[in-house]
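Here is how the chains run, residue by residue.
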Amino acid sequence: MSDYERRAEGVARILIGDGEIRSRICEMAKELDAAYAGDVPLLVGVLNGAITFMTDLMRAMTIPLEVDFMAVSSYGAATQSSGVVRILKDLNEDIEGRRVVVVEDIVDSGLTLQYLLDVLQRRNPLDVRVVALLKKEKTDAVEVQVDQVGFTIPDEFVIGYGLDYAGKYRNLPYVAVLDPRMYSGE
Ligand code: IMP
């Protein structure tokens, strides 16, 4: 058994392979380079899930940029959003007059992003763009601004490439569907 397979306990199936993620991120980085040419955008990574996406995205970009991070409460060991969002770590930078790019791992119900955008907009940035690696196909999600999406995925709980279930699986190099037996208690 390879290391790749050994790490996959709890994985129902691989949804997006690491090569596919890399090439999509290069495309997204090119779009951002073009959109912010001549400016120095502030990339705001949403911890912890966006760490992997953030580091790959910023390294694929070629324009000068700055980074900062915010941490918001996640689901804990649940697989559904509670709708209650708390800031666990705020930005270090003042964003007034700045061009802000919010870097999100995944948009599910959209509640986290909605809350975050509201907080950021009240600080008077010049503009805010939202870049998300993944967006779930849902009918009941809230209407929220997402400007660039890496991949639209089915409404299933996914892990890997920064995304966790109960704190684990963030180090998987791919995005995979979590085996439902992991949370159904079977
Ligand atoms: P939302 O508020 O429901 O849109 O969820 C946003 C946050 O919940 C994301 O930034 C993730 O941290 C987490 N999340 C949502 N769906 C998943 C998933 O399928 N796997 C892992 N984390 C998820």
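None of these values were measured; they are calculated from a predicted model. (Residues numbered from 1 in each chain as written. Predicted model: local features only at pLDDT ≥ 70, side-chain atom pairs only at ≥ 80, totals over all residues. Heavy atoms only, no water.)

**Side note on the site of the ligand**
- Lining the immediate environment of the ligand, one finds 17 residues, of which Asp105, Ser109, Gly110, Thr112 and Val158 sit closest.
- Here Glu104 contributes a side-chain N or O atom positioned 3.2 Å from an oxygen atom of the ligand.
- Between the ligand and Gly110 there is a distance of 2.8 Å, counted from an oxygen atom to a backbone nitrogen or oxygen.
- For the ligand, the protein covers 94% of the area, taking 490 Å² as the surface of the free molecule. (Near = heavy atom within 4 Å. Polar contact = N/O pair within 3.5 Å; in protein donor to acceptor, adjacent residues only side chain to side chain. Areas by Shrake-Rupley, 256 points an atom, 1.4 Å probe, with all protein chains shown as cover.)

**Notes on the packing of helix 2 (residues 18–35) against helix 3 (residues 51–60)**
- Taken N-terminus to C-terminus, the directions of helix 2 and helix 3 make an angle of 55 degrees; their axes are 8 Å apart at the nearest point. Regarding the angle of helix 2 to helix 3, the classification is oblique. The two elements helix 2 and helix 3 meet at a crossing, and its hand is right-handed. Note on element contacts: helix 3 touches helix 2 through Phe53, Asp56, Leu57 and Ala60, opposite Ile25, Cys26, Met28, Ala29, Leu32 and Asp33.
- Residue composition of the contact of helix 2 with helix 3, grouped by class: eight nonpolar, no polar and two charged. (Axes fitted to C-alpha atoms, helices over the stretch in contact; angles between N-to-C directions. Helix = DSSP H or I, 4+ residues; strand = E, 2+ residues; numbered from the N terminus. Parallel < 35°, antiparallel > 145°, perpendicular 65-115°, else oblique. Left-handed = near helix turned anticlockwise from the far one by under 90°. Contact = heavy atoms within 4.5 Å. Nonpolar A, V, L, I, M, F, W, Y, C, P; charged D, E, K, R; others polar.)

**Re the sheet that holds strand 1 (residues 11–16)**
- Reading across the sheet, the three strands line up as 1-9-8 and stay open at both edges, with antiparallel pairing between neighbours. Of all strands in the sheet, those with a lone pairing partner are strand 1 and strand 8 (158–159), marking the two edges.
- Alignment of strand 1 against strand 9 (residues 175–178), held across four bridges, turns out to be antiparallel. The partner of Ile16 across the bridge, within strand 9, is Val175. (Pairing = 2+ DSSP bridges.)

**A closer look at the nonpolar core**
- Counting residues in each nonpolar core, the largest one holds 26 residues, and the members touching the most others are Phe53, Leu57, Leu133, Leu134 and Val158.
- Breaking this core down by element, the ones donating at least two residues are helix 2, helix 3, strand 5 (99–107), strand 6 (127–136), strand 7 (148–153) and strand 9.
- Take this core: its biggest share by element is five residues, from helix 2.
- Residues within four places of Val158 in sequence aside, it is in contact with Leu15, Ile106, Leu134, Ile153, Leu163, Asp164, Val175, Ala176, Val177 and Leu178. (Core = buried A, V, L, I, M, F, W, Y, C linked by side-chain atoms within 4.5 Å. Buried < 20%, exposed > 50% of the residue type's maximum accessible area, 1.4 Å probe, protein only.)

**A closer look at helix 2**
- Compared with the 26 Å implied by 1.5 Å per residue over 18 residues, the 26 Å span of helix 2 between its first and last C-alpha is a close match.
- Each element contacted by the buried residues of helix 2 is listed here: strand 1, helix 3, strand 5, strand 6, strand 7 and strand 9. (Expected span 1.5 Å × (residues − 1).)

**What about the sheet that holds strand 7?**
- Strand order in the open sheet made by the six strands is 4-3-2-5-6-7, with mixed pairing throughout. Each edge of the open sheet carries a strand with a single partner, namely strand 4 (87–89) and strand 7. Between one strand axis and the next, the sheet turns by 25 degrees as a mean value, whatever way the strands run.
- Here two bridges tie strand 3 (residues 66–72) to strand 4, and the two strands are oriented antiparallel to one another. Bridge pairing in strand 4 links Val72 to Ile87.
- Its contacts with the sheet place helix 3 against strand 2 (42–47), strand 3, strand 5 and strand 6, and it is angled at close to 155 degrees to strand 2.
- On top of the sheet, helix 4 (residues 111–121) reaches strand 2, strand 3, strand 4, strand 5 and strand 6; it is set at about 165 degrees to strand 5, its chief contact.

**Some words on the packing of aromatic side chains**
- Within the structure shown, the criterion is met by one aromatic pair.
- A centroid spacing of 5.9 Å and a plane angle of 80 degrees characterise the contact between Phe157 and Tyr165, whose relative ring orientation is edge-to-face.
- The class for Phe157 is buried, based on a relative accessible area of 13%.
- What makes Tyr165 buried here is its relative accessible area of 12%. (Phe/Tyr/Trp six-rings, centres within 6.5 Å; stacked < 30°, edge-to-face > 60°.)

**Concerning the pairing of strand 2**
- Strand 2 sits mainly inside the fold: five of its six residues count as buried.
- Across six bridges, the pairing between strand 2 and strand 3 is parallel. Note on strand 3: the bridge partner recorded for Leu47 is Ala71.
- In terms of handedness, the path from strand 2 via helix 3 over to strand 3 forms a crossover that is right-handed.
- Relative to strand 5, strand 2 runs parallel, the two being bridged by four bridges. Its bridge partner lying in strand 5, Val44 is registered against Val102. (Right-handed = clockwise from strand over helix to strand, strands pointing away.)

Any functional reading would require information beyond the geometric quantities listed.
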